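Chains, contacts and geometry: an overview
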Amino acid sequence: MTTQAITSAPTILTGLRVNSEFTLGNFLGALLPMVRLANTYNSKSQINIFVPDLHSIISDIDGELQQNLIRSLKYYLAAGLEVNPNVHFYRQSHVPAHSELCWILNCIASMGDLNRMTQYKDKSEGKESVNVGIFDYPVLMAADILLYDAVYVPVGEDQFQHIELTRRLAEKFNRKFGEIFTLPATPKAQAEFMHVDEGIRIRDLQNPEKKMSKSTAAENSKIMLSDDPTAVKKKIMSATTDSVGKIQYDMFNQPGISNLLQIEALVNDMPLQDVISTWAGETHYGDLKQKVAESVATMLETFQAKYREIDDSTVLGFFEEGEKYANEVANTKLHQVQKAFYLR
Ligand code: TYM
């Protein structure tokens, strides 16, 4: 990473796909950390929030995509994002430099590297035919980040491997063509910047060995942002725990209890260690569940009430404004890259 970018307020950037509604995992792993960082740094840093709609089309989509785009931006606002001139919203497909840089990076990325990506392995496992978009997904993600010299990229732990890949691609490029790209911070530094000990991975409530995912069919396994808060309480009360009988943070032996402690910390914006200390020595899992259920339900009530106040036209205006900024910044970087490749 160039010292320049670090000393002069680094850009903070993230994107969440909008194929369906967001889970509590998306919210606590990426959206809420982004909102908190944006509100802290928006007087100095550029805050880029974009919708990776080209990433969405790796799986089946329908006409709801347009409505989902609008809804996702409303989510940031409902979560408390403060809008100011340093905060930019844009749709990836409305900034063609993303696809163009993706193609150029494809020409330096290696098949071996992409083959090792866990997300690709998970999404292709057992399938007879897999589209190339699923394979190339991390390269487009690298383009999303490198076009804006973004240093901090709030994402959940499952995306850290893609951040590492982005760093490797940028290093390879810079070695050959000079210091054109700023490297995003290492996953460890990303976690520190988000004030978490390690990457965030919210677990499936029924099967806490797995991450909470939109694609899990069982409704009790996941919390969606539009869920009725009373129903959410029931889901948390029925979360799978263990037979150890002690409330302690041990993701390996007690993933269900550890997940609840993690959720409690993130929802209340408290250090995980403080929540762990509060519950140390306690043995009644029901008490912890009740507390977490209250915390999540209260947060969702406030969030859903704010969401209902935001209208579509406000959001569309933000996108149009942000896309002017994004095209300007992205094209400047793209032209530097094209020159390096003798395309200009
Ligand atoms: P997507 O839509 O698959 O996930 C959106 C974000 O939610 C996080 N996440 C979780 N975090 C914690 N616990 C969970 N159970 C959980 N489930 C999902 C993901 O880590 C992610 O941060 N590839 C990105 C989208 C993207 C992007 C980018 C992000 C495309 N280009 C450039 C940053 C920068 C993704 O995973 O989206």
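Residues numbered from 1 in each chain as written. Predicted model: local features only at pLDDT ≥ 70, side-chain atom pairs only at ≥ 80, totals over all residues. Heavy atoms only, no water.

**Looking at unusual backbone geometry**
Note the following rule: Here a strand is any run of E in DSSP of at least two residues, a helix any run of H or I of at least four, and the numbering for each starts at the N terminus.
Even without glycine at this site, His 195 takes up a positive phi of about 60°. Examined against the element boundaries, His 195 turns out to sit in the loop between helix H10 (187–193) and helix H11 (229–237). The phi angle at Tyr 342 is positive, at roughly 60°, despite the residue not being glycine. Residue position: Tyr 342 is located in the segment after helix H15 (312–340).

**Remarks on the site of the ligand**
Our working definition: For each residue, the test is whether any non-hydrogen atom lies within 4 Å of the molecule or strand; if one does, the residue is near. Polar contacts, as used here, are pairs of N or O atoms within 3.5 Å; protein pairs need one atom able to donate a hydrogen and one able to accept it. Residues neighboring in sequence count only if both atoms are side-chain atoms. Three residue categories are used. Nonpolar comprises Ala, Val, Leu, Ile, Met, Phe, Trp, Tyr, Cys and Pro, charged comprises Asp, Glu, Lys and Arg, and polar comprises the others, including Gly.
Surrounding the ligand, one finds 27 residues, the nearest of these being Tyr 137, Asp 144, Gly 156, Asp 158 and Ile 202. The separation between a nitrogen atom of the ligand and a polar main-chain atom of Ile 202 is 2.8 Å. With respect to the ligand, the backbone of Met 212 contributes an N or O atom lying 2.9 Å from a nitrogen atom. In the shell around the ligand, the residues fall into 13 nonpolar, eight polar and six charged.

**Observations concerning the pattern of salt bridges**
To keep things clear, this is the line we draw: Each salt bridge in this description consists of a side-chain nitrogen of Lys or Arg and a carboxyl oxygen of Asp or Glu lying within 4 Å of one another. Exposed residues in this analysis have more than 50% of their type's maximum accessible area, buried residues have under 20%, and partly exposed residues fall in between, with area computed by a 1.4 Å probe over protein chains only.
Across all of its chains, the model carries 13 salt bridges by this definition. Between Asp 312 and Lys 74 there is a salt bridge, with its nearest N and O atoms 2.7 Å apart. Here Lys 74 lies in helix H4 (residues 64–78) and Asp 312 lies in helix H15, a separation of 238 residues in the sequence. The class of Lys 74 is buried, set by a relative accessible area of 9%. Close ionic contact of Arg 201 with Glu 157 constitutes a salt bridge, the shortest N to O distance being 2.7 Å. Of the two residues, Arg 201 sits in the loop between H10 and H11 while Glu 157 sits in the loop between strand S4 (150–152) and helix H9 (160–177), which places them 44 residues apart along the sequence. Assessed through its relative accessible area of 28%, Arg 201 is described here as partly exposed.

**Here we look at the sheet that holds strand S1 (residues 11–15)**
The line we're drawing: Strands pair, by our definition, only if DSSP identifies at least two bridges between them. Lines are fitted to the C-alpha atoms to define the axes, a helix being fitted only along its stretch in contact, and any angle between axes, read from their N-to-C directions, falls within 0 to 180 degrees.
Within the open sheet, the four strands sit side by side as S3-S2-S1-S4. Their pairing is parallel. Strand pairing shows two members of the sheet lacking a second neighbour, strand S3 (87–91) and S4, which therefore form its edges. Averaged over all pairs of adjacent strands, the angle between strand axes in this sheet comes to 40°, irrespective of strand direction. Where strand S2 (residues 47–51) meets S3, five bridges bridge the pair, whose relative direction is parallel. Among the inter-strand pairings, Ile 47 is bridged to a residue of S3, identified as Val 87.

**Some points on the domain arrangement of the protein**
For clarity, the threshold we go by: Segment limits for the domains were obtained from an automatic or database-derived domain assignment. Pairs of residues are marked as contacts when any of their non-hydrogen atoms sit within 4.5 Å. Buried area: the accessible surface (1.4 Å probe) lost by two parts on joining, summed over both.
Domain annotation of the protein identifies domain 1 (3–195 + 311–340) and domain 2 (219–307). With centres defined by C-alpha atoms, the gap from domain 1 to domain 2 works out at 29 Å. Listed as interface residues are 14 residues of domain 1 and, on the opposing side, 13 residues of domain 2. Summing both partners gives a buried area of about 1,400 Å² for domain 1 against domain 2, and 71% of it is carried by carbon and sulfur.

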